[in-house]
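Spelled out from the first residue to the last, the chains are:
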Amino acid sequence: MTNQDSVNLSGVYEKSEKIKISLEGKKLEKVKNQASENSEQFWSEQAENILWFKKWDKILDSNPPFYKWFVGGTLNASFNCLDRHINTDLKNKAAVIWESETYESRVLTYYQLYTSVNKFANGLKNLGVKKGDCVTIYLPMVPELMIAMLACARIGAIHIVVFSGFSAQALSDRINDSNSKVVITADGGLRRGKLIELKKVVDQVIPLCPSIKHVIVLKRASNNIKINSKDVWWHDVIETQPYCEPEAMESISPLYILYTSGTTGKPKGVVHSSGGYLTYLYATAKWVFNFTNKDIFFCTADIGWVTGHSYIVYAPLMHGVTQIMYEGTPDYPQPDRYWNIVEKHGATILYTTPTALRMYIKFGDRIPNNFDLSSLRLLGTVGEPINPEVWMWYFKVIGKENCPIVDTWWQTETGGIMISGCTGIDAVPMKPGSGSFSLPGINAVVVDESGNPVDRDKKGYLVITRPWPGMLTTLWNDKEKYQTTYWKKFDNNIYFTGDYALYDIDGYIWLLGRADDVLKISGHRLGTMELESAFVSHRAIAEAAVTSRPDEKKGDSIIAFLVKRTEFNTLSDQQLRIEITSHIRDSVGPIATPGEIYFVNKLPKTRSGKIMRRLLKSISSGSSTIGDLSTLEDGTSIEEVRQAYSELHEAIK
Ligand code: 6R9
C-alpha cells in the first residue's frame, strides 16, 4: 500500500456517536481556523472545560521558550478527576476495572477511588509530605499506583513514577535527581507469572538516596521482604481521616516529573504543569476519542510511561469514563489477553501499540476471531509508526471494518496527542499508516536543516511553531538543557520534536521515526548514550556503541558493538555475551535486552572522537553503501566492524 492510498471511512466515523462538546458539529478546518485566528482565546475556551478554584489573570505569559499557561489561575488535578463527579450520577459508576494477569478483576467506583485517594493523601501528610515535595512511585500496574498519583496531586506533591520494569540504577537516578522524600513501592509485582521483587530493588537503592525519609510498601505479592527502619506499610498509612482538602495549586506549578530518554546518557526530567496540562488533556481526549459516558476505555499502556499518565490517569478520569487497567503483558498466560479483556468487560475503545499488534498478528487471526469484539467502536495506536499492513489487520480483524483507527502521534514532552484523526470533530478519510492531521491549535511544520518548510512529499524535521498548553514547562534542574534540546535547533520559539516527517500531497502527515539517537524498543524510549553507559559499566567493557535495526516484533532491536578491556580479552565472546546481557537487564531493565552483541578492537570514530553510529547502522541494516567516510579517523575500524558483523551474522543465520 502506498501512502497515497486512502480508505474512505466517513461512514464509519458517523457510526461513532457524537457527544455534546463545545466543538460538536464543527468541521476540523473551521475549528482549526478559529484556533489559528486567535489561539490564546481558543485555548482559554478549552480551559473553561476544567474546574478552577480561581480563574487565570493571563492566558499565556510568553518568554520563549519559557511559556506559562493560565497564569494566576489555581486548581487541583485530583479535584478535577474525582470531586467533580461524586455529587453527580457518576458517583457509583466504575472508574477503574482492574484486571490482573491471573484473570482476577477488581472494580473501583468513582466514590471508592475518591475515598482511597483522600485517605492516602492524609497518610502522606501525616508522614510529613508537603506541597512542592517530590514523591517517587515504583509500583506495578495496580489501582494503588493511580491512587498514589492522585493523592500526591491532591496535596500538591510532585509525583515521579518510575516504570516497575526499571532496575536499581534507573530508580536511584530518578530519586536523587528529584530529591524525593518518599518512595512508594510494593513487596513485589507479577510479570509473566514471575515475582518481581520491587522492595528488594528499593532496599538496594535506599543507602544511595539520602533524601528518602520513608518507604511506603504496598502488600501485593505477599512475598517475604525485609523490613527496615524507614519502611511503613501502605495499609498502616491509610488508617486516617476520609477527607483531605485539595490544595489550590497554581496553574503553572508542576504536577509531575516524568523521566525520559534523550540523546545524552542521563534521562531528562520532563516537567508538566497543572492547568495547561489538564486543559490540553481534556480537550484532546474529547477531540480524538470523543469520550461519552457509555465508554469503557481500554488503554494498554503502563502508567510508567506518559501514555499511562495522560490517557489512563488524568484524561479518562476528568471525563468520568470507565476504564480498564490491565496488570500484565498481552500474551501471558495466553496470547489472547487483550481480546479476552475486551470481551469480558465490553471495551468500547482500545488504545494500544503497534508492537502489541505485530505480536498478535504472529499468533494468527483465529485467536481474536474466537472472541466477541463487537463492543468496540474505536481503535487507537500510539508510540511508533504503524505499518500499513498492521493497520489493515487492526482495522479488519479487530475492528471488523466498523471502527475508525486513530493513529496518535505525541511525546512525553508534548503532554498529550498532537497529531491524529479526530473522531470527536470531523469525519475524514483515513490513510493507513498516516497520523492524519495536527490537532486544533497545533501548528506542525516539516522543515529542512535550515528551518525552511519543505515541499509536500519531502522528508524533513517535524517542528511545532506555536506553544500549546500541554507542553513541558522545563526539564527538572536543567533549564539550559531544556533550551538546547528543544528550542535551539532552529529558533527559540520553534519546538524541535526530534522526529522526521512528511506531508503528502493531500496534506496528511506521515511520521518517519527519530532523527536523533533515541531508540524505540517495543514502543519504549531508550537513548543510545544511556545504553552505552550501561554497557561500559560492565567490568569487561571499555567502549560501547549502540545502534538499532528495525525489528518485526519490537519496532527496533538493540545492536551493540563493544570493545573489551585488554585484561578480559581471553574471556570467550559467548560467555561474555551472556554476562553482559544479564548486566544490561539488571542495570537498565529487561526491555533493554540487546538483540545482538559484537566485539571489536576499535569503534569507528570521527577525528573529533565522536562515534559514527550512522556507519554502524548501515552495516547492521545490511546496506550496500555506507555513505560518506571522509570524517572517519581510522579506516581499519570500519572494516573490522564489518567483518565482526558478517562473521557472527552468518553464524546466527
Ligand atoms: C507517546 C509516546 C515519543 C516518540 C516520538 C515518535 C514516537 C509516538 C507515534 C510515534 C509514529 C506515532 N511516536 N507516537 N511515531 N507514530 N503514532 O510514545 O511518548 O515515549 O516520549 O515517545 O515516539 O518518535 O518522538 P514517548
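Novice: Hey, could you run me through the overall build of the protein chain in this one?
Specialist: If you tally the helices and strands in the protein chain, you get 20 helices and 32 strands. Relative to its length of 653 residues, the protein chain is compact, with a C-alpha radius of gyration of 24 Å against a globular reference of 26 Å. Along the first, second and third principal axes, the C-alpha atoms of the protein chain reach 70 × 65 × 55 Å. Sorting the 653 residues of the protein chain into buried and exposed places 61% on the buried side. Of the contacts formed within the protein chain by residues at least 6 apart in sequence, a portion of 72% connects residues at least 24 apart. Charge centroids of the protein chain, computed over 73 positive and 73 negative side chains, lie 2 Å from each other.

Novice: Just to check I follow, could you spell out helix α4 (residues 77-86) for this structure?
Specialist: Note on helix geometry: an α-helix contains 3.6 residues per turn, so any two residues three or four positions apart are oriented the same way. Burial of α4 is extensive: eight of the 10 residues sit out of reach of the surface. Those residues of α4 that fall on the buried side of the exposure criterion are A77, S78, N80, C81, L82, D83, H85 and I86. Buried-residue contacts for α4 involve β3 (74-75), α5 (110-126), α6 (143-155), β14 (254-260), α10 (275-289) and α11 (306-319). The distance from a side-chain oxygen at the start of α4 to the backbone nitrogen of S78 is 2.8 Å, and the residue carrying that oxygen is N76.

Novice: Could you clarify how one ought to interpret the site of the ligand in this entry?
Specialist: The environment of the ligand is formed by 17 residues, the closest being D407, T412, D499, R514 and R525. A distance of 3.5 Å separates a nitrogen atom of the ligand from a polar backbone atom of P385. One nitrogen or oxygen atom from the side chain of T412 is found 2.5 Å from an oxygen atom belonging to the ligand. For the ligand, the accessible surface in isolation is 530 Å², of which the surrounding protein chains cover 97%. For the shell around the ligand, the elements supplying multiple residues, two or more each, are α11, β20 (405-408) and β27 (509-514). Its residues placed into classes, the shell around the ligand shows six nonpolar, five polar and six charged.

Novice: Please clarify how the sheet that holds strand β11 (residues 214-218) should be interpreted in this entry.
Specialist: In spatial order, the strands read β12-β11-β8-β6-β7-β14-β15-β25; together these eight strands make up an open sheet with mixed pairing. Edge strands, defined here as strands with exactly one partner in the open sheet, are β12 (231-233) and β25 (474-475). Bridge count for strand β15 (residues 268-273) against β25 is two bridges, and the pairing is antiparallel. Its bridge partner being in β25, V271 is matched across the sheet by T474. On top of the sheet, helix α7 (residues 168-178) reaches β6 (134-138), β7 (158-161), β8 (182-186) and β14; it is set at about 165° to β6, its chief contact. Sheet contacts for helix α8 (residues 198-205): β6, β8, β11 and β12; angle to β8, the most-contacted strand, approximately 150°.

Novice: How do you make sense of the pairing of strand β30 (residues 541-551) when you look at a structure like this?
Specialist: Put simply, side chains in a regular strand alternate between the two faces of the sheet. Across 10 bridges, β30 lies against strand β31 (residues 555-564) in antiparallel orientation. Across the sheet, the residue bridging to V546 is A560, located in β31. Here β30 hands over to β31 after three residues, the two strands then running antiparallel side by side.

Novice: How do you make sense of the environment of I216 when you look at a structure like this?
Specialist: When you line up the elements, I216 lands in strand β11. A relative accessible area of 0% means that I216 is categorised as buried. Between the C-alpha atom of I216 and that of D236, which follows or precedes it by 20 residues, the distance is 9.3 Å.

Novice: I keep staring at the environment of D517 and nothing clicks. Help me out?
Specialist: Tracing the backbone shows D517 in the loop between β27 and β28 (518-521). Along the backbone, D517 and Y111 are 406 residues apart, and their C-alpha atoms lie at a distance of 45 Å. Ignoring any residue separated from it by four or fewer positions in sequence, one finds D517 in contact with G262, T263, L526, G527, T528 and R613.

Novice: Looking at this model, I keep getting lost on the side chain of T329. Mind explaining?
Specialist: Relative to the elements of secondary structure, T329 occurs in the loop between β17 (322-326) and α12 (337-345). When sequence neighbours within four positions are dropped, the list of residues in contact with T329 reads E101, R191, R192 and R337.

Novice: Before we go on, may I ask you to explain the domain arrangement of the protein chain in this structure?
Specialist: When the parts of a complex come together, some accessible area is lost, and that lost area is often taken as the interface size. As far as domains go, the protein chain holds domain 1 (11-441 + 455-501) and domain 2 (517-652). Placing a centre on the C-alpha atoms of domain 1 and another on those of domain 2 gives a separation of 33 Å. The partner domain 2 presents 23 residues to the 24 residues of domain 1 that form the contact. When domain 1 packs against domain 2, the two sides together hide about 1800 Å² of surface, and 52% of this comes from carbon and sulfur. On the domain 1 side of the contact with domain 2, S261, T263 and W305 bury the most area, a combined 27% of that side's loss. Here domain 1 and domain 2 share one salt bridge between them.

Novice: Before we go on, may I ask you to explain the packing of aromatic side chains in this structure?
Specialist: In this description, an aromatic ring pair is defined by two values, namely the gap between the centres and the angle between the planes. Applying the stated criterion across every chain yields a total of 44 aromatic pairs. Between Y461 and F496 the ring centres are 5.7 Å apart and the planes differ by 80°, which places this aromatic pair in the edge-to-face class. Here the residue Y461 occupies a position in strand β24 (residues 460-464), and F496 occupies one in strand β26 (residues 495-503), the gap between them amounting to 35 residues. Note on F496: relative accessible area 11%, which makes it buried. Consider the rings of W468 and Y495, whose centres lie 5.3 Å apart with planes at 75°: the pair is edge-to-face.

Novice: Would you explain the sheet that holds β27 in this entry?
Specialist: Strands in a sheet are paired, the pairing made by backbone hydrogen bonds, and the direction either parallel or antiparallel. With antiparallel pairing, the four strands of this open sheet are ordered in space as β23-β24-β26-β27. Looking at strand neighbours, the two that pair on one side only are β23 (444-447) and β27, the edges of this open sheet. Averaged over all pairs of adjacent strands, the angle between their axes in this sheet comes to 45°, without regard to strand direction. Pairing between β23 and β24: four bridges, direction antiparallel. If you follow A444 over to β24, its bridge partner there is I464.

Rules used in this analysis
- Residues numbered from 1 in each chain as written.
- Predicted model: local features only at pLDDT ≥ 70, side-chain atom pairs only at ≥ 80, totals over all residues.
- Heavy atoms only, no water.
- Helix = DSSP H or I, 4+ residues; strand = E, 2+ residues; numbered from the N terminus.
- Rg over C-alpha atoms; globule rule 2.2 N^0.38 Å.
- Buried < 20%, exposed > 50% of the residue type's maximum accessible area, 1.4 Å probe, protein only.
- Contact = heavy atoms within 4.5 Å.
- Lys, Arg positive; Asp, Glu negative; His and termini not counted.
- Charge placed at Lys NZ, Arg CZ, Asp CG, Glu CD.
- Polar contact = N/O pair within 3.5 Å; in protein donor to acceptor, adjacent residues only side chain to side chain.
- Near = heavy atom within 4 Å.
- Areas by Shrake-Rupley, 256 points an atom, 1.4 Å probe, with all protein chains shown as cover.
- Nonpolar A, V, L, I, M, F, W, Y, C, P; charged D, E, K, R; others polar.
- Pairing = 2+ DSSP bridges.
- Axes fitted to C-alpha atoms, helices over the stretch in contact; angles between N-to-C directions.
- Domains from an automatic or database assignment.
- Buried area = accessible area lost by both parts, 1.4 Å probe.
- Salt bridge = Lys/Arg side-chain N within 4 Å of Asp/Glu carboxyl O.
- Phe/Tyr/Trp six-rings, centres within 6.5 Å; stacked < 30°, edge-to-face > 60°.

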